[in-house]
2 protein chains.
Amino acid sequence: MRYADIRAYRSEGFIGRYQRLVRDTVIPYQYTVLRDEAEDTEKSHVIANFINAAKALRGEDIGDGFYGMVFQDSDAAKWIEAAAYSLACFPDKELEKQVDELIDIIADAQDADGYLDTYFTIKDRDRRWTDLLEGHELYCAGHMTEAAVAYAEATGKTKLLDVMTRNMEHIYRLFVEEGREGIPGHPEIELALMRLYRYTGNEHALILAKTFIDRRGTDPEWFAKECRRRDWSVWGSDGKDADYQQSGAPVREQTDATGHAVRAVYLYTGMADLIDKDATLAPACERLWDSITKKRMYITGGIGSSCNGEAFTADYDLPPDTAYCETCASIGLMFFASRMLAHDTDRRYSDVMERAFYNTVLAGMQLDGKRFFYVNPLECDPGISGKVSTHRHTVTTRPGWYACACCPPNAARLIMSFGRYAYGEDEDTVYAHMYAGGTVTFVNGCILRCDTSYPHDMDVRFTVEKAGSAKRLAVRIPAWSESSTLTADGRPVTDLRKGYAYIDITDGMSIVLTLDGMPHWNCASPRIPTIAGMAAVTRGPLVYCFEGTDNGGDVAGLTVDTSKDPVVSGHNEELGGCVTIDAAAMRDEDTDELYVRSLRQDPVTARAIPYYTWCNRGETAMRVWMRKR
Amino acid sequence: MRYADIRAYRSEGFIGRYQRLVRDTVIPYQYTVLRDEAEDTEKSHVIANFINAAKALRGEDIGDGFYGMVFQDSDAAKWIEAAAYSLACFPDKELEKQVDELIDIIADAQDADGYLDTYFTIKDRDRRWTDLLEGHELYCAGHMTEAAVAYAEATGKTKLLDVMTRNMEHIYRLFVEEGREGIPGHPEIELALMRLYRYTGNEHALILAKTFIDRRGTDPEWFAKECRRRDWSVWGSDGKDADYQQSGAPVREQTDATGHAVRAVYLYTGMADLIDKDATLAPACERLWDSITKKRMYITGGIGSSCNGEAFTADYDLPPDTAYCETCASIGLMFFASRMLAHDTDRRYSDVMERAFYNTVLAGMQLDGKRFFYVNPLECDPGISGKVSTHRHTVTTRPGWYACACCPPNAARLIMSFGRYAYGEDEDTVYAHMYAGGTVTFVNGCILRCDTSYPHDMDVRFTVEKAGSAKRLAVRIPAWSESSTLTADGRPVTDLRKGYAYIDITDGMSIVLTLDGMPHWNCASPRIPTIAGMAAVTRGPLVYCFEGTDNGGDVAGLTVDTSKDPVVSGHNEELGGCVTIDAAAMRDEDTDELYVRSLRQDPVTARAIPYYTWCNRGETAMRVWMRKR
């Protein structure tokens, strides 16, 4: 299967609602933020930085003309990328005009040699490429390259693609032709270069991606040496923790997912995207996938346990209340999954991709699309969360924007490109990895319609409106579904491999999939100290949580009875019509003593809501993992 | 009741064993550390600093002659204090000679004006008293004052007392007579000045203590202002967090125990020690006591939840695995309890004093007296504890010494002075707050003998060898004892007030107390999110824990059955003959998946040991709070 190679996806249902929300609310709001016109948030200065960089290139005096994080340019890139996906689904002249204007501004900020980065262009051009550890020049170039490809795909316009091709050639000259040392401090450009290569066929992009990946970890001291070569730095990192930089060993020898979680999964995505060119990367990618998904991942698909460095920690260190679980890290995990799927159609990748999306990624955004979580804990305790120093990162209300604003635009571009993760194709097969209502048009000419209100309901009907040159449809049967039925024109489907059902398709064929819609209790491995012996509810791909709002204010005093199955109790219209689940439980009596010999327990019905809907009704307690009896 | 006013205590039994251990092992070992002669640890340079300070005073060039923490002098003070208590119990000419030699060295390091602090004397005498926030000059003066009083009490020798009286007069001149601003960054001197005052009657000590306490918090900005007045600092603190410094409000208006836990309880001890001179301090002391013991204390008597600043955090934030629970903080909590008892004979103080001692304080020291914990978590997970950044402070093996070595000598002096906490007296009453085997001689002439192997067994026999001028014995009946019997010469005792039984005593009287020796389950308040719904075993004053060593390596997968009472299962001779307790439990099957729908559970008997004995048989998992079914 090729990655993200469908022609178009017109969404309906659950995904359609989210895509319209991003189109109508998130993209316009984020544009006002980029332009410093949002009223309720700090100025981002993103576009102003590009304008000032252009002035600096013309020799105009702009004073202290850079504002924000060193990687601020990437917010513009992610916004353009989200807008591009939106335009692909929903043509919109006004939005396209805004993007074109922004691209003009960006193009003006490019240096004569192809260099493009407002931080160094404004502050000190002599320092270009000398702080790869923290400078984020390659990271920003990667994001803008992704935006350029996406915008070209959506509109056919190539101005930004030309800018970023010149930029890539500049980097290629330096790091390949001229033999300049170094690797990206924050991997990202590797996967972006692969997108550029696959879209344009430019071999330099492929060689550059492979160069950065092959070099990585061959000298674990490299970043520390780079630090010692300069008398300044962006943040003061010493570069000594090579594992934090995923450079402690050559990538083919790496075994554990380490360090900054977003950097890690972006790197692994780039590695996986190269497997078809270099199969020697496959074993490492599989080991790193297992390290994450078998030892270092929350049930919500969240990764990166610790706020210290936004990082992976140790196997089975998955505390619910201090979890970091950056939204971007789960987005990156979806990237990694999608590239692994491209070389091995196995539901172990798509099951995780779906888990990350429907739980951590969606929880990153308020239901109204106006506020965002950067951090996605599995437990919230008002009075502690967001307040004490160990829990300061687990804020109890989604902020509107962040000084470090990577997550909101990242969620926007992911949601708008959902079709690329839900569907895939190769010469004779089309794939349904996830169940996304609407119509998808494949490059091979197949047109597939999907009718479903998934994940609210578990019935999915695919109609082959046109088979095109596709001979087969491969539909994922998720591991979480204990009982599934799948028929093609009424006949049971029997060709099952690695969790995918393969169906020979013909025009007009109707494929009906019914998945397990029962709520289930889940246990944590006894190897996870913080949640061993506890229980969590899931239904379909959705992890559930218990909020104080539905449970008399307090959830810590609830003990669930896992001898009784949880049951669907209805829909919550305030929370987008999601399915609510009730569970038999006992509530500890309150006491103002810290420790007592016994506590009376009263039977109660505890109500759970999908994790992605939490924190949409004010500050309240929340927990995914419940004590059980 | 007066605080710590007994004449002598000759210990036997459990306490006697600990005191002999401190005498035979801890005090000699710590002396080699002070002299930089310990082979297996880093040099402390404690005595060398005093020698170098004396040289500096004589104008000799000593180069970079200070080594260690700014408060390194206090290690010498605490060692002298421990040695003094040891000499009071076990006369020892060799040890006394060592102390006298050290006192000579210390006396030589005193400046002509009475100033005594090696850090500033060696490094920069012009900076004296200009960094009260971090400089620890008043802290070190306090500890040395305590040592001076203790050594005078034990031996009648007053050389160090004279040194510290001159030092006090120097500080009095500056801060009272000359009106210098400021309060101690690390409270300690307040309680030490009260000891000096009570021993010598020197009113300047009383006035100085009261001055520091009355001033505190009247200007919450004071430390921040002090920082702004200088262009250097010891550590770089900005002094802006007034609550961290217990100076956010005048002490009489403070309500919550805040900030650095040791500083807090040392301050509160000083405040409580002043109540008999200024009763307006009593309500604040009682509020702060309640804040700690009703909202911010672990079941082990540990306080200070967070490693960030070794500090109190928020009500009910008591995570077991990342707990800080500094040994010194629990020692300070015992100090605070002892001073509160002095003005109100209520078991709510002595119950906590005992809880802190038998659990956190004793756990701070390895059973062989050779290694020490600074941090006392309630859960240890090898692979995570001591390894990941959020758990780096919860090391899995007691180190021999620390760069910041406050706890080992603090534990030594506490254990050697245990009689002062166990017993008390006023004109006509002697008090038994705790049950410490041996013979105690009171100032009022009463000689009381106590025969017990408590806390292993729960039978305590007091014999009034001589009543002296004491008319009554007050014996604490702990709240944890669900069934207690107390007889005096065979007759039941009925005069019970605030958890104390009052007995009219006569020479030769025999008082027999039998306390509840059954193991019990305990519940955590549902207000404590991390342990709500969990269970811990206690027996008598001892909190128990489950170690991997006794439980097949793993304790996270155990779920205890609290419907069955835990039972005494025997004694563990390797752990000093402590009583072991068995509990019915289920063990989750192991799985290499993180999350599964169900786990088989097999019935097992789980074994618990007293918390104070944990980590004496190698690195292993441990937990106090268990999931229950």
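Here, the structure is the one placed above.
Keep in mind that what you see is a predicted model, and the values were worked out from it rather than measured.

Draft legend 1. Just the overall build of chain A, in detail. A tally of helices and strands in chain A yields 16 helices and 23 strands. Taking 629 residues into account, the globule formula puts the C-alpha radius of gyration at 25 Å, and chain A, at 24 Å, falls close to it. On the principal axes, the C-alpha backbone points of chain A span a range of 75 × 65 × 50 Å. Every one of the 629 residues in chain A was classed for burial, and the buried ones make up 66%. Sequence separation of 24 or more characterises 71% of the internal contacts of chain A that already satisfy a separation of 6 or more. As displayed, chain A offers around 20,400 Å² of accessible surface, 47% of which is attributable to carbon and sulfur atoms. Between the centroid of the 71 positive side chains of chain A and the centroid of its 95 negative side chains there is a distance of 2 Å.

Draft legend 2. A look at the pattern of salt bridges. For the coordinates displayed, the defined rule picks out 98 salt bridges over all chains. Here B:D104 makes a salt bridge to B:K159, at a shortest N to O gap of 2.6 Å. Of this pair, B:D104 sits in helix α4 (residues 93-108) while B:K159 sits in helix α7 (residues 159-177), and the two are 55 residues apart along the sequence. A residue is classified by how much of its surface remains accessible, and B:D104, at 35% relative accessible area, is partly exposed. Among the charged side chains, a network of salt bridges with common partners joins A:E81, A:E146, A:E153, A:R195, A:R413 and A:R420.

Draft legend 3. Region of the structure containing the nonpolar core. The biggest cluster of nonpolar side chains holds 222 residues, and the ones touching the most others in it are B:I80, B:Y423 and B:F462. Membership of the second largest hydrophobic core comes to 220 residues, among which are A:V46, A:A141, A:L318 and A:F546.

Draft legend 4. Representation of helix α3 (residues 73-89) of chain A. Along its 17 residues, α3(A) runs 25 Å from first to last C-alpha, staying within 8% of the 24 Å computed at 1.5 Å per residue. Counting buried residues in α3(A) gives 16 out of 17 residues, a clear majority hidden from the surface.

Draft legend 5. Structural view of the relation of the copies chain B and chain A. For the pair chain B and chain A, the superposition axis carries a translation of 0.0 Å, the fit reaches an RMSD of 0.0 Å, and the rotation angle comes to 180°. The symmetry that links the two subunits is that of a two-fold axis. Residue B:R629, judged by its C-alpha, is the member of chain B lying nearest the rotation axis, at 2.1 Å. Here 100% of the contact residues of chain B are again contact residues in chain A; the copies associate through an equivalent surface.

Draft legend 6. Main features of the interface of chain B and chain A. The partner chain A presents 65 residues to the 65 residues of chain B that form the contact. Each partner contributes to the roughly 4,700 Å² buried at the junction of chain B and chain A, and carbon and sulfur atoms together form 52% of this total. Sorting the residues of chain B by area buried against chain A places B:L594, B:Y595 and B:R597 first, and these three jointly supply 20% of that buried surface. For the pair chain B and chain A, the number of links is six salt bridges. Run the count over chain B and chain A and you get 34 residue pairs in polar contact (both at pLDDT 80 or more). Counting only elements with at least two residues in the side of chain B that touches chain A, the list comes to α12 (282-295), β14 (519-524), β15 (534-539), β20 (595-596) and β23 (626-628) of chain B. Broken down by class, the residue content of the side of chain B that touches chain A amounts to 25 nonpolar, 17 polar and 23 charged. Inspection of the sheet shows strand β20 (residues 595-596) of chain A paired to β14(B) by two bridges, in the antiparallel sense.

Draft legend 7. Region of interest: helix α15 (residues 407-416) of chain A. Along α15(A), 10 of the 10 residues are buried, which leaves the element largely enclosed by surrounding structure. Considered for burial, the residues of α15(A) that qualify are A:C407, A:P408, A:P409, A:N410, A:A411, A:A412, A:R413, A:L414, A:I415 and A:M416.

Draft legend 8. Looking closely at the packing of helix α6 (residues 137-155) of chain A against helix α7 (residues 159-177) of chain A. Residue and element names in this part refer to chain A. Where α6 meets α7, the closest approach of the two axes is 8 Å, and the angle between their N-to-C directions is 145°. When you trace α6 past α7, the crossing you get is left-handed. Where α6 abuts α7, its residues L138, A141, M144, T145, A147, A148, V149 and A152 lie against L160, L161, M164, N167 and I171.

Draft legend 9. Geometry of the sheet that holds strand β13 (residues 510-514) of chain A. All names here are of chain A. Overall, antiparallel pairing links the seven strands, which are arranged β1-β5-β6-β7-β13-β9-β10 in an open sheet. The sheet terminates laterally at β1 (6-11) and β10 (491-492), the two strands that pair on one side only. Direction of pairing for strand β9 (residues 485-488) relative to β10: antiparallel, over a ladder of two bridges. Looking across to β10, one finds that A488 is bridged to R491.

Draft legend 10. Broad picture of a positive patch on the surface. Residues and elements named next belong to chain B. Taken together, the side chains of R180, R228, R229 and K240 make up a positively charged region of the molecular surface. Mapped onto the fold, R228 is located in helix α10 (residues 222-229). Among the residues examined, R228 registers a relative accessible area of 58% and is labelled exposed.

Draft legend 11. Broad picture of a negative patch on the surface. All names here are of chain A. On the surface, D238, D241, D243 and D256 cluster together into a negatively charged patch. Mapped onto the elements, D243 comes out in the loop between α10 (222-229) and α11 (261-273). When its relative accessible area of 43% is taken as the criterion, D243 is described as partly exposed.

Draft legend 12. Representation of the pairing of strand β5 (residues 438-442) of chain A in the model. Residue and element names in this part refer to chain A. Summarising burial for β5: four of the five residues are buried, a large majority. Bridge analysis of β5 against strand β6 (residues 447-452) gives four bridges, and the strand direction is antiparallel. Pairing of T439 across the sheet is with R449, part of β6. Between β5 and β6, which pair antiparallel one after the other, the connecting turn spans four residues, and G445 there sits at a positive phi close to 95°.

Draft legend 13. Highlighting the packing of aromatic side chains. In the structure shown here, the tally under the stated rule is 58 aromatic pairs over all chains. Considering the side-chain rings of A:Y9 and A:Y423, the 5.9 Å spacing of their centres and the 55° angle between planes classify their relative orientation as tilted. Of the two residues, A:Y9 sits in strand β1 while A:Y423 sits in strand β3 (residues 423-425), which places them 414 residues apart along the sequence. A single burial state applies to A:Y9 and to A:Y423, both of which are buried. For the ring pair B:Y435 and B:Y454, a centre distance of 4.9 Å and an interplane angle of 80° mean the geometry is edge-to-face. Residue B:Y435 is found in the loop between β4 (429-432) and β5 (438-442), and its partner B:Y454 is found in the loop between β6 (447-452) and β7 (459-466); the two are separated by 19 residues along the sequence. Per residue, the accessibility class of B:Y435 equals that of B:Y454, and both read buried. Clustering of aromatic rings is evident, with ring pairs tying together A:F14, A:Y18, A:F357, A:Y358, A:F418, A:Y435, A:Y454 and A:Y612. Lying over the aromatic face of B:Y18, B:R17 brings its terminal NZ or CZ to 4.9 Å of the ring centre. The positively charged end of B:R230 is found above the aromatic ring belonging to B:W232, 5.6 Å away from the centroid.

Draft legend 14. View of the side chain of B:D588. For B:D588, the location among the structural elements is in strand β19 (residues 578-588). There is no salt bridge for the buried B:D588, and the closest opposite charge comes from A:K628, which lies 5.4 Å off by N-O distance. One polar contact links B:D588 to B:Q601, side chain to side chain, over a distance of 2.6 Å. Among residues more than four places away in sequence, those in contact with B:D588 are A:P526, A:G533, B:G557, B:T559, B:L599, B:R600 and B:Q601.

Draft legend 15. Summary view of the sheet that holds strand β3 (residues 423-425) of chain B. Residues and elements named next belong to chain B. Strand order in this open sheet of five strands is β3-β4-β8-β12-β11, and the pairing throughout is mixed. Among the strands making up the open sheet, the edge pair consists of β3 and β11 (496-497). Sheet topology note: the β4/strand β8 (residues 472-476) ladder contains four bridges and is parallel. Following the sheet pairing, V430 is matched in β8 by L473. Here helix α14 (residues 347-363) sits on the sheet in contact with β8 and β12 (500-504), set at roughly 60° to β8.

Cut-offs applied
- Residues numbered from 1 in each chain as written.
- Chains lettered and ligands numbered in written order.
- Predicted model: local features only at pLDDT ≥ 70, side-chain atom pairs only at ≥ 80, totals over all residues.
- Heavy atoms only, no water.
- Helix = DSSP H or I, 4+ residues; strand = E, 2+ residues; numbered from the N terminus.
- Rg over C-alpha atoms; globule rule 2.2 N^0.38 Å.
- Buried < 20%, exposed > 50% of the residue type's maximum accessible area, 1.4 Å probe, protein only.
- Contact = heavy atoms within 4.5 Å.
- Areas by Shrake-Rupley, 256 points an atom, 1.4 Å probe, with all protein chains shown as cover.
- Lys, Arg positive; Asp, Glu negative; His and termini not counted.
- Charge placed at Lys NZ, Arg CZ, Asp CG, Glu CD.
- Salt bridge = Lys/Arg side-chain N within 4 Å of Asp/Glu carboxyl O.
- Core = buried A, V, L, I, M, F, W, Y, C linked by side-chain atoms within 4.5 Å.
- Expected span 1.5 Å × (residues − 1).
- Least-squares fit on C-alpha atoms with pLDDT ≥ 70 in both.
- Buried area = accessible area lost by both parts, 1.4 Å probe.
- Polar contact = N/O pair within 3.5 Å; in protein donor to acceptor, adjacent residues only side chain to side chain.
- Nonpolar A, V, L, I, M, F, W, Y, C, P; charged D, E, K, R; others polar.
- Pairing = 2+ DSSP bridges.
- Axes fitted to C-alpha atoms, helices over the stretch in contact; angles between N-to-C directions.
- Left-handed = near helix turned anticlockwise from the far one by under 90°.
- Patch = residues over 30% accessible without salt bridge, like charges linked within 9 Å, V, L, I, M, F, W, Y side chains within 5 Å.
- Phe/Tyr/Trp six-rings, centres within 6.5 Å; stacked < 30°, edge-to-face > 60°.
- Lys NZ or Arg CZ within 6 Å of the ring centre and 35° of its normal.

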